Amino acid sequence: MSFIRAFDDGQIRKMTSGENGKLFRLLKSDVLSDDAENFVFPAVRKNEMYFYYKGGCLYRFKNGAFRRDKRFELYDGGAENLTPYERAKKQAENKFTKIKGGDTERLRLNRLSFYTFSPKSRPQTVVIDAEVNLNGEIGGGKKSDMVLFDTQSKELIFVEGKVFSDKRMLTSDGGVPKAAEQVLTYTDAIARQSEEIVEQYGSHIKTVNLLFGTSFPMP
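So, how was this worked out
- Residues numbered from 1 in each chain as written.
- Predicted model: local features only at pLDDT ≥ 70, side-chain atom pairs only at ≥ 80, totals over all residues.
- Heavy atoms only, no water.
- Helix = DSSP H or I, 4+ residues; strand = E, 2+ residues; numbered from the N terminus.
- Contact = heavy atoms within 4.5 Å.
- Areas by Shrake-Rupley, 256 points an atom, 1.4 Å probe, with all protein chains shown as cover.
- Salt bridge = Lys/Arg side-chain N within 4 Å of Asp/Glu carboxyl O.
- Buried < 20%, exposed > 50% of the residue type's maximum accessible area, 1.4 Å probe, protein only.
- Pairing = 2+ DSSP bridges.
- Axes fitted to C-alpha atoms, helices over the stretch in contact; angles between N-to-C directions.
- Core = buried A, V, L, I, M, F, W, Y, C linked by side-chain atoms within 4.5 Å.
- Phe/Tyr/Trp six-rings, centres within 6.5 Å; stacked < 30°, edge-to-face > 60°.
- Lys NZ or Arg CZ within 6 Å of the ring centre and 35° of its normal.
- Parallel < 35°, antiparallel > 145°, perpendicular 65-115°, else oblique.

Enquirer: Just checking my understanding: could you explain the overall build of the chain for this structure?
Expert: The secondary structure content of the chain amounts to six helices and seven strands. Intrachain contacts of the chain at a sequence separation of at least 6 include 56% that bridge at least 24 residues. When the accessible surface of the chain is split by element, carbon and sulfur atoms take 50% of a total near 11600 Å².

Structure follows, in structure tokens:
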């Protein structure tokens, strides 16, 4: 099995207790925040959990500990006098918004994730995952931008987002843009492991429901 979305009970206990628990409670508060500018989005991986902020991975929990990408610390402008948690968020914001500038694809997609856990608005279709490595024989190592989940039909919908300024959207006469080729590759990869994907997102959703008080159905 290559596509895995499982986070075992032992890891959950480690993440939610002791010193880890202090950081988890801060993250959980931001997951359930009604502030669309400051929310955090959780995603289950292979016995890991990722917490995304402003379109980038703020923290990941692996092997009993929270970890950060040390390169984020290079983007410290305006973060010097903040708490460690708020400083981490500021560094991520600097890296993914202010440094690059503009309304990037990553930020546009990130805005959709807010509605999954927002106490004020939880639509029929929610974002269930982001930055999804398909891990199959085809398309392995490539990432689909997000997975939507229709909570009524219980369907999973893989999404590849592009802004029109992306050169992969362009084509010469009669050609096929690279973005279309990308989608076809993902379609083939998903088809080859569709049963596995549905099963694993069932595991993903059970973990999310347990940790964040949601009641999403099984896909």
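Enquirer: Any chance you could explain the pattern of salt bridges here in plain terms?
Expert: For side chains of opposite charge, pairing can occur when their charged atoms come near one another. For the structure shown, the criterion picks out eleven salt bridges. For Arg 87, the salt bridge goes to Asp 76, with nearest N and O atoms at 2.4 Å. Here Arg 87 is found in helix H3 (residues 84-98), whereas its partner Asp 76 is found in the loop between strand E4 (65-67) and H3, with eleven residues between them in sequence. With a relative accessible area of 29%, Arg 87 lands in the partly exposed category.

Enquirer: Explain the sheet that holds strand E1 (residues 41-44) to me, please; I cannot follow it from the model alone.
Expert: Taken together, the four strands give an open sheet; going across it, the order is E1-E2-E3-E4, and neighbouring strands pair in antiparallel fashion. Unpaired on one side and paired on the other, E1 and E4 mark the two borders of the sheet. Neighbouring strand axes in the sheet, compared pairwise and without regard to direction, differ in orientation by 25° on average. Across the face of the sheet, helix H2 (residues 18-31) comes into contact with E1, strand E2 (48-53), strand E3 (56-62) and E4 while running at roughly 55° to E4. Across the face of the sheet, helix H6 (residues 194-212) comes into contact with E1 and E2 while running at roughly 140° to E1.

Enquirer: Is there a simple way to explain the sheet that holds strand E7 (residues 156-159) in this structure?
Expert: Whenever strands of a sheet pair, they do so through backbone hydrogen bonds, lying parallel or antiparallel. Across the sheet, three strands lie side by side as E5-E6-E7; this open sheet has antiparallel pairing. Both outer strands of the open sheet, strand E5 (125-133) and E7, are each paired with one neighbouring strand and no more. Strand-to-strand, the axes of this sheet are offset by a mean angle of 25°, without reference to chain direction. Where E5 lies against strand E6 (residues 143-150), seven bridges are found, and the strand directions are antiparallel.

Enquirer: So what exactly am I meant to see when it comes to the nonpolar core here?
Expert: Nonpolar side chains in soluble globular proteins tend to be buried together. Core analysis: the largest hydrophobic core is formed by 51 residues, its most contacted members being Met 15, Leu 27, Phe 51, Leu 58, Phe 66 and Phe 212. In this view, Leu 27 contacts Val 40, Phe 51, Leu 58, Tyr 59, Phe 66 and Tyr 85; residues no more than four positions away in its chain are not counted.

Enquirer: What is the right way to read the packing of aromatic side chains from this model?
Expert: We describe a pair of aromatic rings using the distance from one ring centre to the other and the angle between the two ring planes. Overall, the coordinates contain 15 aromatic pairs when judged by the stated rule. Ring geometry for Phe 114 against Tyr 115: centres 5.3 Å apart, planes inclined by 70°, an arrangement best described as edge-to-face. Take Phe 114: its relative accessible area is 8%, and that puts it in the buried class. Judged by its relative accessible area of 38%, Tyr 115 falls in the partly exposed class. An aromatic cluster of three or more residues is present, and its members are Phe 7, Phe 24, Phe 41, Phe 51, Tyr 59, Phe 61, Phe 66, Tyr 85, Phe 117, Phe 212 and Phe 216. Stacked on the ring of Tyr 50, the Lys or Arg Arg 45 has its end atom at 5.2 Å from the ring centre. Positioned above the aromatic ring of Tyr 59, the side-chain terminus of Arg 68 is 5.9 Å from the ring centre.

Enquirer: What is the right way to read the packing of helix H1 (residues 9-16) against H2 from this model?
Expert: Packed helices, taken two at a time, are described by the angle their axes make and the gap between the axes. Taken N-terminus to C-terminus, the directions of H1 and H2 make an angle of 85°; their axes are 5 Å apart at the nearest point. With respect to H2, the element H1 is oriented roughly perpendicular. Listed contacts from H2 to Lys 14, Met 15 and Thr 16 of H1 are Asn 20, Gly 21, Phe 24 and Arg 25.

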